[in-house]
Structures are given as C-alpha cells and as structure tokens.
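Listed below, chain by chain, are the residues.
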Number of protein chains: 2
Amino acid sequence: MGDEMDTARGRARDAQRRAEQFRRVRDAHQTEVAEDYVELVADLIEETGEARVVDLSERLGVTKATVNNTIQRLQRDGLVTSQPYRSIFLTEKGRTLAETSRERHHTVRDFLLALGVDADTAEADSEGIEHHVSEPTLEAFRKFLRKSG
Amino acid sequence: MGDEMDTARGRARDAQRRAEQFRRVRDAHQTEVAEDYVELVADLIEETGEARVVDLSERLGVTKATVNNTIQRLQRDGLVTSQPYRSIFLTEKGRTLAETSRERHHTVRDFLLALGVDADTAEADSEGIEHHVSEPTLEAFRKFLRKSG
DNA sequence: GTACAAATTTAGCTTCTACTAACTTTTAGT
DNA sequence: ACTAAAAGTTAGTAGAAGCTAAATTTGTAC
C-alpha cells in the first residue's frame, strides 16, 4: 500500500468531512425560516399583543399568501397554532425555539457591535449569521463580550 | 397628528427596514450555492488539475444528478462552461466570484481561529457564515486579525 | 345593520435544490 | 479490441419558498 493510496484515502476522508459541513449548512437553511418566523411572532406578541399575518408579511417583506403558506407548515411542524382568520400563537416548542433563536441573534449582534461594526450593519449581518453559528463559536463571542464589556 | 400616529409611522418605517434585511438574506441564499460551487471548482482545478462532477458530488455531499443540474444552471448564468461528459471550467466571471468567495471564506475562518475557536468548528462555521458577511464586517474581521496577528 | 375596507385564505404557477432509477458515454484492465 | 466499472446524463418526483389574482371572512364606519 503506497503513498498514492494513502493520499487517495486521505482525500476521500477529507471530502466526506467537508461534505458533512455542507450538509449542516443545508440543514440550517431548512430551520432558518422557522427561526425567523417564531422569533418575529414572539416579538409581535410582546410588542402589540398579537401576531397577525399582515404584520409578519410587512416585516419579512413577503406577501401575505407566502406567510400563510409558511404558517401552515410551521403548524404542521408543531411550532405554532392558528385557527382560520385568527392570529398566530406559539406552541411550547415554538416558544423555546424563539427564545434560543433570539438569544443567539442578540449575542451575534452585540458581538459585532463590540467589534466596532456600525449598528445598521451589525443588525443586518447578524440576521444572516445567527443561523450558522455553532455553540462553541457563540461561546467565543460571549467570552469576547465579557472581556470587552 | 398625535403621538400615536408618529409611533405607527415609526413602526412602519422600522418594519420596512427590517424587511429589507430579510430580503438581503434571501437574496444571499440564491448566490450561496453558486459561490460554493465555483469555489470548489477552483479548488479542484488547483488540487487535481480538473473539476469533475463526481468530485463535486463527493465534496458537497449531494448526488451526481444534483451536481449536473446545478452546473447547468451555473452555465446558464455564465459562471462555468462544460461540454457533455467533460470536466468543468470556470468563466472569467466564475473565476472572479470564486476568488472573492475564497478570500471571504478564509478571512472568516482565520478570524474565528484568532478568536480562539477550534479548527474544526472554525472550518465548519465559516462555511455557513461566509455568505452573510458584508464588507464592513469583513473589514472589522481583518482589523482584528491585524491586531491579534 | 349594511356596506366597504382590511385581513386572510385559496388556487395555480415558478424556481431552486434535492432525490432515485435508468440510461449512455468514457475510461481502464486484460 | 472487448468488457466491466466509473462517470456523466436524463427523466420523473418532491418539498420549500416565493409570486399574483381571486375569493372569502372579519371588522368598522356610518
């Protein structure tokens, strides 16, 4: 068994490891929408007392029809409840997801701010980044915040 | 025009601003796949001399059929060229995208490493994060790297 | 309490990304 | 040169997320 084979094997292992990373990113995408929705539903309930399709539609920048579609799916997945023509509520599962999601979002945003990024950019970028930050990285962010705070 | 209206207006403006952020994240998603592919094609050409469907398939963790599909789309969008049963090449546009994409990827990865995140996590997270980091944030990352380096 | 406006829902369509299974072409071994 | 394996392609399917347009329900102003 020569070097060539070892190299080939090494490459194969490498490829599999990287494939796993891409898979994780793809999986993250599937939960991103769910996280954005439940986070927003939680915010709206706190701010205005209820979460309506039209509010989600405005804040997300998609049509009401799209919101409706997605809410159906989230209901199917046990994250929200809603009766026809009534506003939207979070299930326990939904509340938990909203909570961890929000915590992550804030950590990322505060971290970017602490790093010297301007407020608008920090808010905008954290929206995209929050879904792709693992717990170890979040912990590194928190550590930085403690030191710089 | 009382406080109530001002608040309502303020909320509407706020909603629009946030909607813009979500829109940006959604747009980023559309280019993510393209960026991952061209970056990988560039890597493979450098490492092995050519980029084949089967290699992309292995590294991305998707089937060859999926790679084929996507390559068609990238070709349609002018990022790659490929003749049937032949390996894949980047266009000038594709090379440019691969280059900026790779630079961003490395900046994010090196930044996470400098922050104390372990190598595996840095590699995995940077894969997800790289597509959502704006230029100002990247610049803040670079600045941190210069200071800590 | 009726009519109108606002909100919600439904129907039908598109694009993207993924899959499996079957097929064709190319490459490599003998 | 032939055959088998590897690589690439095609066809058909599915689900997610978006859209527009039309229908329906709810809420409100008079």
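Since this is a predicted model, take the numbers as computed values, not measurements.

Participant: Got a sec to walk through the protein's contact with DNA strand D? Specific residues and values, please.
Facilitator: DNA strand D sits among 21 residues. The nearest are Thr66(A), Arg73(A), Arg26(B), Val54(B) and Asn68(B). Backbone atoms, meaning sugar plus phosphate, form 80% of the atoms of DNA strand D positioned within 4 Å of the protein. Take Arg86(A): an N or O atom from its side chain is 3.1 Å from a phosphate oxygen of DNA strand D. The backbone of Val53(B) places a nitrogen or oxygen atom 3.3 Å from a phosphate oxygen of DNA strand D. Where the surface near DNA strand D is concerned, the elements lending two or more residues are α3 (64-76) of chain A together with α2 (53-60) and α3 (64-76) of chain B. Here the surface near DNA strand D is built from residues that sort into nine nonpolar, six polar and six charged.

Participant: How would you explain the relation of the copies chain A and chain B if you had to name every residue and give the values?
Facilitator: Rotating chain A by 180 degrees about the axis while translating it 0.0 Å along that axis superimposes it on chain B, leaving an RMSD of 0.1 Å. Classification of the inter-copy transformation places it as that of a two-fold axis. Nearest to the rotation axis, the C-alpha of Ile129(A) is located 2.8 Å from it, this being the minimum over chain A. Same-surface contact between copies: 100% of interface residues of chain A are shared with the interface of chain B.

Participant: Can you explain the packing of helix α4 (residues 92-114) of chain A against helix α6 (residues 135-148) of chain A? Please cite residues and give values.
Facilitator: Residues and elements named next belong to chain A. Put simply, α4 and α6 touch, their axes get as near as 9 Å, and they point 50 degrees apart. By the angle between their axes, α4 is oblique relative to α6. Pair α4 / α6 crosses with left-handed handedness. Mapping the contact onto sequence places Glu 103, Arg 104, Thr 107, Val 108, Asp 110, Phe 111 and Ala 114 in α4 and Leu 138, Phe 141, Arg 142, Phe 144, Leu 145 and Ser 148 in α6. Among the residues making up the contact of α4 with α6, the classes are represented as seven nonpolar, two polar and four charged.

Calculation rules
- Going along each chain's sequence as written, the residues are numbered from 1 onward.
- Going through the entries in the order they are written, you letter the chains from A and number the ligands from 1.
- Where totals are concerned, whole chains, interfaces and linings use all residues; where local detail is concerned, this predicted model gives features only for residues with pLDDT of at least 70, and gives and counts side-chain atom pairs only at 80 or more.
- As a convention, hydrogens and water are excluded, and side-chain values are obtained from all of the structure's heavy atoms.
- Any residue with at least one heavy atom within 4 Å of a molecule or strand is counted as near it.
- Pairs of N or O atoms within 3.5 Å make up the polar contacts considered here, provided that, within protein, one atom can donate a hydrogen while the other can accept it, and that residues adjacent in sequence are counted only when both atoms are side-chain atoms.
- Numbering of helices and strands runs from the N terminus, with a helix taken as a DSSP run of H or I at least four residues long and a strand as a DSSP run of E at least two residues long.
- Amino acid classes used here: Ala, Val, Leu, Ile, Met, Phe, Trp, Tyr, Cys and Pro are nonpolar; Asp, Glu, Lys and Arg are charged; the rest, including Gly, are polar.
- Copies are brought into register by a least-squares superposition over C-alpha atoms of residues with pLDDT of at least 70 in both.
- Throughout, a contact is declared for two residues whenever any of their heavy atoms are within 4.5 Å.
- Every axis corresponds to a line fitted to the C-alpha atoms, with the helix fit spanning only the stretch in contact, and the corresponding angles, defined between N-to-C directions, vary from 0 to 180 degrees.
- For classification purposes, an angle smaller than 35 degrees is called roughly parallel, one larger than 145 roughly antiparallel, one from 65 to 115 roughly perpendicular, and anything else oblique.
- Less than a right angle of anticlockwise turn of the near helix away from the far helix marks a crossing as left-handed, whereas a clockwise turn marks it as right-handed.

These figures capture arrangement, not role.
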